[in-house]
Amino acid sequence: QVQLVESGGGLVQAGGSLRLSCAASGRTFSGYAMGWFRQAPGKEREFVAALSWGGGSTYYADSVKGRFSISRDNAESTVYLQMNSLKPEDTAVYYCAATRGGYWYTGRTSDFSSWGQGTQVTVSS
């Protein structure tokens, strides 16, 4: 298993930007496809974005397309989520996840085996 630690969350006004980071350790980072999920109070955890092992393929939830961008630096064992044009409905705890499986693009939480502890993102109106 790979260990994941998220950072970069915080409070931002609507229309602002944040960049989340997820640092991985313990196993070869390039062997994992990566994803970001989020969970708002009282709601189920939902898919946000995912990225293939080499970073050449990405997949986004419709709600964040054109506003969020996922990327990775395999040399630094880190995956990023750049969030622009933030909206109050983006408020949630954001989780980083990793998988060695081939179904990283499905958006299902069950396809990811390793999870970080989460970082809070709050967008004020």
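Residues numbered from 1 in each chain as written. Predicted model: local features only at pLDDT ≥ 70, side-chain atom pairs only at ≥ 80, totals over all residues. Heavy atoms only, no water.

> It is not clear to me how the overall build of the chain should be interpreted in this structure. Could you clarify?
What the chain contains, in helices and strands, is zero helices and eleven strands. The order of helices and strands in the chain, counted from the N terminus, is β-β-β-β-β-β-β-β-β-β-β. A globule of 125 residues ought to have a C-alpha radius of gyration of about 14 Å, and the chain, at 13 Å, matches this closely. When the 125 residues of the chain are sorted by exposure, 45% land in the buried category. Across the chain, the fraction of contacts at a sequence separation of at least 24, relative to all contacts at a separation of at least 6, is 59%. Accessible surface, the chain as shown: approximately 6,000 Å² in total, 45% of it carbon and sulfur. Across the chain, the 11 positively charged side chains and the 9 negatively charged ones have centroids separated by 3 Å. (Helix = DSSP H or I, 4+ residues; strand = E, 2+ residues; numbered from the N terminus. Rg over C-alpha atoms; globule rule 2.2 N^0.38 Å. Buried < 20%, exposed > 50% of the residue type's maximum accessible area, 1.4 Å probe, protein only. Contact = heavy atoms within 4.5 Å. Areas by Shrake-Rupley, 256 points an atom, 1.4 Å probe, with all protein chains shown as cover. Lys, Arg positive; Asp, Glu negative; His and termini not counted. Charge placed at Lys NZ, Arg CZ, Asp CG, Glu CD.)

> Sorry, what's going on with the state of the cysteines here?
Scanning the entire structure with this criterion turns up one disulfide. Disulfide pairing is shown between C22 and C96; the S-S distance is 2.1 Å. Here C22 and C96 share a disulfide; its torsion about the S-S bond, -80 degrees, makes the bridge left-handed. Placement of C22 in strand 3 (residues 18-25) and of C96 in strand 9 (residues 92-99) is noted, with a sequence separation of 74 residues between them. On the accessibility criterion, C96 (0% relative accessible area) is buried. (Disulfide = S-S within 2.5 Å.)

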